[in-house]
Amino acid sequence: VIRIDIKDTTKPSVIHIGERLENLSGYLPAGRRVMITDTNVLRLYGDRFPSGEVIAIGTGEPIKTLETVQEIFQRLIDLEVDRSAFIVGIGGGIVSDVTGFVASTYQRGLRFGFAATTLLAQVDASVGGKNGVNFNGYKNMVGVFNQPEFVLCDPATLTTLPAREVRCGMAEIVKHAAIASADLFDFLETRAEEALALEPAVVQRLVAESVEIKAAVVSRDERETGERRKLNFGHTFGHAIEKTTGVNHGEAVSAGMVAAARLSVQRGRLDTEGENRIERLLRRLDLPVRVAIDEKAVIDALHRDKKRESANVHFVMLDAIGKAVVENIALDELQQVARHLMGQG
Ligand SMILES: NC(=O)c1ccc[n+]([C@@H]2O[C@H](COP(=O)([O-])OP(=O)(O)OC[C@H]3O[C@@H](n4cnc5c(N)ncnc54)[C@H](O)[C@@H]3O)[C@@H](O)[C@H]2O)c1
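Small disclaimer: the values here were computed from a predicted structure and weren't measured. (Residues numbered from 1 in each chain as written. Predicted model: local features only at pLDDT ≥ 70, side-chain atom pairs only at ≥ 80, totals over all residues. Heavy atoms only, no water.)

## Quick word on the pairing of strand S11 (residues 312–320)
Successive side chains on a regular strand alternate, one facing one side of the sheet and the next facing the other.
In step 1: Bridge count for S11 against strand S12 (residues 323–330) is eight bridges, and the pairing is antiparallel. Residue pairing across strands places Leu318 opposite Ala324, the latter belonging to S12.
In step 2: Counting the residues in the hairpin turn of S11 and S12 gives two residues, including Gly322, whose phi is positive at 100°. (Pairing = 2+ DSSP bridges. Helix = DSSP H or I, 4+ residues; strand = E, 2+ residues; numbered from the N terminus.)

## Looking at the site of the ligand
In step 1: Neighbouring the ligand are 25 residues, the closest being Asp38, Glu61, Gly93, Thr118 and Thr160.
In step 2: One of the side-chain nitrogen or oxygen atoms of Asp97 is found 3.0 Å away from a nitrogen atom of the ligand.
In step 3: Within the complex, the protein chains bury 89% of what would otherwise be the 870 Å² of accessible surface of the ligand.
In step 4: Secondary structure elements with two or more residues in the shell around the ligand: helix H1 (39–45), helix H3 (93–105), helix H4 (119–125) and strand S8 (138–145).
In step 5: Ranked by the residues each element gives to the shell around the ligand, the list is headed by H1, at four residues.
In step 6: Residues that form the shell around the ligand fall into these classes: seven nonpolar, nine polar and nine charged. (Near = heavy atom within 4 Å. Polar contact = N/O pair within 3.5 Å; in protein donor to acceptor, adjacent residues only side chain to side chain. Areas by Shrake-Rupley, 256 points an atom, 1.4 Å probe, with all protein chains shown as cover. Nonpolar A, V, L, I, M, F, W, Y, C, P; charged D, E, K, R; others polar.)

## Description of the pattern of salt bridges
In step 1: Applying the stated rule across the entire model yields 29 salt bridges.
In step 2: With a closest N to O distance of 3.4 Å, Asp124 and Lys175 form a salt bridge. Here Asp124, found in helix H4, pairs with Lys175, found in helix H5 (residues 163–180); they are 51 residues apart in sequence, far enough to count as distant.
In step 3: The exposure class of Lys175 is buried, given its relative accessible area of 2%.
In step 4: Two residues, Lys175 and Glu172, come together in a salt bridge whose shortest N-O distance is 3.0 Å. Remark: Glu172 and Lys175 occur in helix H5; sequence separation between them is three residues, near one turn of the helix.
In step 5: Among the residues examined, Glu172 registers a relative accessible area of 0% and is labelled buried.
In step 6: What you see here is one network of salt bridges that share partners, running through Arg267, Arg269, Asp319, Lys323, Glu327 and Glu333. (Salt bridge = Lys/Arg side-chain N within 4 Å of Asp/Glu carboxyl O. Buried < 20%, exposed > 50% of the residue type's maximum accessible area, 1.4 Å probe, protein only.)

## Things to note about helix H10 (residues 272–284)
In step 1: Between its first and last C-alpha atoms H10 spans 18 Å; for 13 residues at 1.5 Å apiece the expected length is 18 Å, and the two agree.
In step 2: Inspection of H10 places Gly274, Glu275, Ile278, Glu279, Leu281 and Leu282 among the buried residues, and these make up the whole buried set. In a view along the axis of H10, the buried residues occupy a sector of 165°, so they form one face of it.
In step 3: The elements touched by buried residues of H10 are H5, helix H6 (182–196), helix H9 (249–266) and S11.
In step 4: Remark: Asp286 follows H10 within two positions and exhibits a positive phi of approximately 65°. (Expected span 1.5 Å × (residues − 1). Arc of directions from axis to C-beta. Contact = heavy atoms within 4.5 Å.)

Coordinates in, geometry out; function isn't part of it.
Written out as structure tokens, the structure reads:
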């Protein structure tokens, strides 16, 4: 088991990579525990959960709402759960985002941890202490920063993931490599097919290095006042694409990273070879590099993105593979890159 510490945050957090879900109870304090999961994960892995009460939510981004949070609050009240209980979220990013928010707010906060069962949750969503839900169609609009005491990542649970979910996780791994590690990017280039096939040694390294990168950034800037913004590489366009088309998060981020790389070249930062390497790698990982979009809808979505500051956005670009930089860019300029996404630019 590889252990990675997130330090210098309001609370320390420890990520255990390669630990089995069956061993989760060994990470829990004595006393009452309540597991929050979703119906898929409960069906697949419920028999490996520690003993204790289980609350299962539905699946899909539309259930990541305050209504779901309220239903969980009511269940906790019905179960007479008090502040001495420990809450564990077992599932993907939706479960961890919701569980972290519930555990941080129910009775002003209970202790909590996660067992991440999707690749995306293991490399990204469960790590770093951002918890929350969507509100009236605005993504992650309501939430808290609060670190889980631990995150357990069992590679064995990834074998049941649909291929599309595996690719989504890969998109975030490419993101981490692109912004912070040329070595990890090289490794992905040599092992892309084995990565997609979830070859255990390859997955272990990808998850561990991704978490290392995210942990280091979060340790330096827990509340995203500066460097943590780099983790949004590909996400400015990604969120807009996700909102306006049917593609899922990872696919949208993939196309968003290609657009961001394009803009980095246009602004004299990244060289064309770097841009091409990003596009080639994403293609080999079966991720889309262009998405047919309604340009106007994307621009509208960009304008409504909560990360915007007046007419500008904090936009993440690359100086090289493994080296990101955040620039304040006018939305007008982004409009031109949006055209490129549709293959017109
Ligand atoms: N807090 C953060 O820092 C952060 C970062 C990135 C993404 N996110 C959020 O994470 C969410 C996406 O997370 P996700 O991709 O894990 O989605 P998800 O939680 O919806 O899981 C994807 C699907 O896989 C199923 N599933 C989970 N584990 C499985 C397994 N082992 N085998 C088979 N099926 C399994 C789920 O039931 C679900 O249907 C988004 O809401 C996003 O906003 C948060």
